Amino acid sequence: AQKITQTQPGMFVQEKEAVTLDCTYDTSDPSYGLFWYKQPSSGEMIFLIYQGSYDQQNATEGRYSLNFQKARKSANLVISASQLGDSAMYFCAMRVFETSGSRLTFGEGTQLTVNP
Amino acid sequence: EPEVTQTPSHQVTQMGQEVILRCVPISNHLYFYWYRQILGQKVEFLVSFYNNEISEKSEIFDDQFSVERPDGSNFTLKIRSTKLEDSAMYFCASSRVGLGGYEQYFGPGTRLTVT
């Protein structure tokens, strides 16, 4: 079975600084995908970034980048130049392609607060 | 930009009552999902649906739950006899394909409160 662990219940960062949100995962399957979602206080789930297990390069999407370290089974999200609007809950999720079909398995989440 | 919509945004119901949560997935998407998030907890997978049938379900999705695509646009989750522990945010999601590296687009959620 697959598992996602986010060990930081809460993180604080100053506006305009970078912040790293940690995510580790556990699976024995070689083929999987890792996702990050943002959940603002309004409740919706917003897709941010995706990394495939066979991707050679770390994924980037604007101010978001994913620090993928396969040997360590970590997929940390880096947000550069934090903005007040980045304050939200962030979830790391995984899908194992062969065994779990289409389901996403989520971590516990990290509440990010950006201070002015 | 196309988006997943859900109605109602908030539903209050009494224990033992049936509820139907409605979703309109993105129009060219073929795979549909329901997830739930109990307050303060992580998001949990309930069920996935493709080609008018359930393709996968979790242990949470017991006989009290059912899903349906009654027409070409709506996707519904029915809870037959609600329990207090069914109180949660329910998210509908959809995706264009079902395998490989693709994102699932989530709706804004329906907050279900069972009293």
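Residues numbered from 1 in each chain as written. Chains lettered and ligands numbered in written order. Predicted model: local features only at pLDDT ≥ 70, side-chain atom pairs only at ≥ 80, totals over all residues. Heavy atoms only, no water.

Caption draft 1: Focus on the overall build of chain B. From N to C terminus, chain B includes zero helices and 11 strands. Start at the N end of chain B and walk to the C end: the helices and strands fall as β-β-β-β-β-β-β-β-β-β-β. Scaling as 2.2 N^0.38, a compact globule of 115 residues should have a C-alpha radius of gyration of about 13 Å, and chain B matches this with 13 Å. Projected onto the principal axes, the alpha-carbon positions of chain B cover approximately 40 × 30 × 30 Å. The buried share among the 115 residues of chain B stands at 44%. Across chain B, the fraction of contacts at a sequence separation of at least 24, relative to all contacts at a separation of at least 6, is 55%. Element-wise, carbon and sulfur atoms account for 46% of the exposed surface of chain B, whose accessible area totals about 5800 Å². (Helix = DSSP H or I, 4+ residues; strand = E, 2+ residues; numbered from the N terminus. Rg over C-alpha atoms; globule rule 2.2 N^0.38 Å. Buried < 20%, exposed > 50% of the residue type's maximum accessible area, 1.4 Å probe, protein only. Contact = heavy atoms within 4.5 Å. Areas by Shrake-Rupley, 256 points an atom, 1.4 Å probe, with all protein chains shown as cover.)

Caption draft 2: Region of interest: the interface of chain B and chain A. Each side of the interface is counted separately: chain B has 22 residues, and chain A has 19 residues. Summing the contributions of chain B and of chain A, the shared interface buries around 1700 Å²; its carbon and sulfur component is 53%. Sorting the residues of chain B by area buried against chain A places K42(B), E56(B) and F106(B) first, and these three jointly supply 28% of that buried surface. Viewed at the interface, chain A and chain B are joined by one salt bridge. A salt bridge links R103(A) to E56(B); its shortest N-O distance comes to 2.8 Å. Our count for the chain B to chain A interface comes out at five residue pairs in polar contact (both at pLDDT 80 or more). Those elements that provide at least two residues to the side of chain B that touches chain A are β4 (31–37), β5 (43–50) and β6 (53–57) of chain B. Considered class by class, the residues forming the side of chain B that touches chain A number eight nonpolar, nine polar and five charged. (Buried area = accessible area lost by both parts, 1.4 Å probe. Salt bridge = Lys/Arg side-chain N within 4 Å of Asp/Glu carboxyl O. Polar contact = N/O pair within 3.5 Å; in protein donor to acceptor, adjacent residues only side chain to side chain. Nonpolar A, V, L, I, M, F, W, Y, C, P; charged D, E, K, R; others polar.)

Caption draft 3: Representation of the sheet that holds strand β3 (residues 19–24) of chain B in the model. Residue and element names in this part refer to chain B. Across the sheet, four strands lie side by side as β1-β3-β8-β7; this open sheet has antiparallel pairing. The open sheet has two edge strands with one neighbour each: β1 (5–7) and β7 (65–68). Taking each pair of neighbouring strands and ignoring which way they run, the sheet shows an average axis angle of 20 degrees. Of the strand pairs in this sheet, β7 and strand β8 (residues 75–79) are connected by four bridges, and their pairing is antiparallel. Counted as the bridge partner of F65 is I79 from β8. (Pairing = 2+ DSSP bridges. Axes fitted to C-alpha atoms, helices over the stretch in contact; angles between N-to-C directions.)

Caption draft 4: Expanded view of the pattern of salt bridges. Residue and element names in this part refer to chain A. A full pass over the atoms with the stated rule returns four salt bridges over all chains. Two residues, D86 and R63, come together in a salt bridge whose shortest N-O distance is 2.8 Å. Of this pair, D86 sits in the loop between β9 (74–79) and β10 (88–96) while R63 sits in the loop between β7 (60–61) and β8 (64–69), and the two are 23 residues apart along the sequence. Relative accessible area serves as the criterion here: at 1%, D86 is assigned to the buried category. Classification of R63 as partly exposed rests on a relative accessible area of 23%.

Caption draft 5: Structural context of the environment of F75(B). Residues and elements named next belong to chain B. With respect to the helices and strands, the residue F75 is situated in strand β8. A relative accessible area of 0% places F75 in the buried class. For the pair F75 and T5, spaced 70 residues apart in the sequence, the C-alpha separation amounts to 10 Å. Ignoring any residue separated from it by four or fewer positions in sequence, one finds F75 in contact with L21, R22, C23, P25, F32, Y33, W34, F49, V67, E68 and C92.

Caption draft 6: Region of the structure containing the state of the cysteines. Evaluation of the coordinates by the stated rule reveals two disulfides over all chains. The residue that forms a disulfide with C23(A) is C92(A), at a sulfur-sulfur distance of 2.0 Å. The chirality of the disulfide connecting C23(A) with C92(A) is left-handed, given an S-S dihedral of about -65 degrees. Taken together, the residues C23(A) in the loop between β3 (19–21) and β4 (24–26) and C92(A) in strand β10 connect sequence positions 69 residues apart. One exposure class covers both C23(A) and C92(A), and it is buried. Disulfide partner of C23(B): C92(B), at an S-S distance of 1.9 Å. (Disulfide = S-S within 2.5 Å.)

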